[in-house]
Amino acid sequence: MASRDLDFQGRPVVAVTGVGVVTSLGRGVTDNWAALTAGRSGIHPITRFPTDNLRTTIAGTIDFMNVEPWSGIALSYALAEAAGTEAIAMAGLDPAAFGAPLFLAAPPIELEWSQRLALDKLGGDAREEAGYDRLLELARANRSREIYDLTLFGGISERLADRLGTRGLPITLSTACASGASAIQLGLEAIRRGDADRCIAIGTDGSVGAEALIRFSLLSALSTQNEVPERASKPFSKDRDGFVMAEGAGALVLESLAAARARGATILGVVHGIGEQADDFHRTRSKPDGSPIISTIRAGLEDAGLTPSDIGYINAHGTSTPENDRMEYSGLAAVFGETIGSVPISSNKSMIGHTLTAAGAIEAVVSILSMREGLLPPTINYAQPDPAIPLDTVPNAARSADVSAVLSNSFGFGGQNVSLVLGREPR
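What comes next is a walk through the structure. (Residues numbered from 1 in each chain as written. Predicted model: local features only at pLDDT ≥ 70, side-chain atom pairs only at ≥ 80, totals over all residues. Heavy atoms only, no water.)

**A short note on the overall build of the protein chain**
In step 1: A tally of helices and strands in the protein chain yields 13 helices and 15 strands.
In step 2: In terms of overall size, the protein chain behaves like a compact globule, its C-alpha atoms giving a radius of gyration of 21 Å where 427 residues would be expected to give roughly 22 Å.
In step 3: Referenced to the eigenvectors of the C-alpha coordinate spread, the extents of the protein chain come out at roughly 70 × 50 × 40 Å.
In step 4: By residue count, 58% of the 427 residues in the protein chain fall in the buried class.
In step 5: Considering only residue pairs separated by 6 or more positions, the protein chain has 78% of its internal contacts joining residues 24 or more positions apart.
In step 6: By element, 51% of the accessible surface of the protein chain is carried by carbon and sulfur atoms, the whole surface being about 16900 Å².
In step 7: Both charge centroids of the protein chain, one from 36 positive and one from 49 negative side chains, sit 1 Å from each other. (Helix = DSSP H or I, 4+ residues; strand = E, 2+ residues; numbered from the N terminus. Rg over C-alpha atoms; globule rule 2.2 N^0.38 Å. Buried < 20%, exposed > 50% of the residue type's maximum accessible area, 1.4 Å probe, protein only. Contact = heavy atoms within 4.5 Å. Areas by Shrake-Rupley, 256 points an atom, 1.4 Å probe, with all protein chains shown as cover. Lys, Arg positive; Asp, Glu negative; His and termini not counted. Charge placed at Lys NZ, Arg CZ, Asp CG, Glu CD.)

Following this line, the structure appears as structure tokens:
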């Protein structure tokens, strides 16, 4: 491998040659980029299930891709398939015969009520004791492809592997809100090790159901500003009160720079480095001193061989929860120092909501597009700046900018932290 295809540590440079995306703003890169840069919101009232007596009645659900009967698994697959085929086609490869590994970030979905009721109908006497033991027994006693597909969490990656023609055993992971970035990390490491010349990393989440929404609501994590849905998600604003659940998928075709050049592929961007650290403080809260977030950002910059001064834009985790936004600012300020106030930083979640498992992959796609197009999507709904978070949030309107390196943060419940360092072109 030629030296121009290696990074500063002698590892293969990893290029991005295709991207795909679906969010509540639309299907595909073109529609999403136009909406994001126009500052449009995809948040709306929930119609998928009754919301009577719920504190939160809004979300970024994807209602234009009909999946019947609806289930989080079925929709998560449909979103991943749409984003994955777009990314592979953009890379100039065959969306039905990709021939390389798949790394999938998917939501940890339990059996939903539609699936439980379908199983229950197979049991005859409904007076038998309810519970998971009975559901397991019903599944064992009714061995069919239909039941297998109905109950298998790993079925998303299996179906994707068949649809996209990937190679080897597909990997499914779930590291909370960092999952999409973690999938990219696994792809980067596989190429650096020489295990593959290319791969596809996909983050998907179509799991906005009543149970999931109620659970997050019980954690007091969700916004309750239901009256004007498109204004509810307001990262870094003083009047923020929680995140807005949302759905979507992002996909990236990753290739060694040498392999991409050999086949004449268009280089959309590069993955310079990734930092990953665990926070053992609490199931949902960040460690008060911010040390895991700080070390994650520093590890990403070190892995990339860059310094804070090299970063021209930060794609924030920016969930719109009071604590998360404050902790992200504290972590960034510790690494960037006084210059953090002059580095543009915006949150796509202000427009599409928090896509949970898919967020890191979607935001990586947006980061690549931001560098290629020279345009930074805004943080909308920024009407009341928080004086405790003095950042340049690219408020309310997109901004032209010449950016060659982006930091994209993903900090998840359970202490999962990942920082991607992405570049416009190889160094």
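**Considering the pairing of strand β14 (residues 405–412)**
In step 1: Counting buried positions over the eight residues of β14 gives eight, a clear majority of the element.
In step 2: Here β14 shows no split at all, with A405, L407, N409 and F411 on one side and V406, S408, S410 and G412 on the other all buried.
In step 3: The pairing of strand β10 (residues 313–315) with β14 spans three bridges and is classified as parallel. Counted as the bridge partner of Y313 is V406 from β14.
In step 4: As defined by bridge partners, β14 adjoins strand β15 (residues 416–423) across eight bridges and the pair is classed as antiparallel. Bridge assignment links S410 to a residue of β15, and that residue is V418.
In step 5: Two successive antiparallel strands, β14 and β15, enclose a turn made up of three residues, where G414 displays a positive phi of approximately 85°. (Pairing = 2+ DSSP bridges.)

**Brief notes about the packing of helix α1 (residues 29–38) against helix α13 (residues 359–373)**
In step 1: Relative orientation of the contacting elements α1 and α13 amounts to 75°, with a least axis distance of 12 Å. Between α1 and α13, the angle is such that the two are roughly perpendicular. Residues V29, W33 and L36 of α1 form the contact with α13, whose participating residues are V366, L369, S370 and E373. (Axes fitted to C-alpha atoms, helices over the stretch in contact; angles between N-to-C directions. Parallel < 35°, antiparallel > 145°, perpendicular 65-115°, else oblique.)

**Quick look at the side chain of D5**
In step 1: Position of D5 among the secondary structure elements: in the segment before β1 (14–23).
In step 2: A residue is classified by how much of its surface remains accessible, and D5, at 7% relative accessible area, is buried.
In step 3: Not counting residues up to four positions away in its chain, the partners in contact with D5 are R11, P12, V13, L257, A258 and R261.

**Quick look at the packing of aromatic side chains**
In step 1: Counted according to the given criterion, the structure contains one aromatic pair.
In step 2: On the numbers, 5.3 Å between centres and 75° between planes, the contact of F216 with F243 is edge-to-face. Of this pair, F216 sits in helix α8 (residues 210–218) while F243 sits in the loop between α8 and β8 (248–256), and the two are 27 residues apart along the sequence. As far as burial versus exposure is concerned, F216 and F243 are alike and both buried. (Phe/Tyr/Trp six-rings, centres within 6.5 Å; stacked < 30°, edge-to-face > 60°.)

**Digging into the nonpolar core**
A general tendency of soluble globular proteins is for nonpolar side chains to be buried together.
In step 1: Counting residues in hydrophobic clusters, the biggest one holds 46 residues, and the most contacted among them are V16, I184, L252, L254 and L420.
In step 2: Looking at which element gives the most residues to this core, the answer is α13, with eight residues.
In step 3: When sequence neighbours within four positions are dropped, the list of residues in contact with I184 reads A201, L252, L254, I274, G360, A361, A364 and L420.
In step 4: Judged by nonpolar contacts, the second largest core, of 30 residues, contains A74, Y77, I88 and L160. (Core = buried A, V, L, I, M, F, W, Y, C linked by side-chain atoms within 4.5 Å.)

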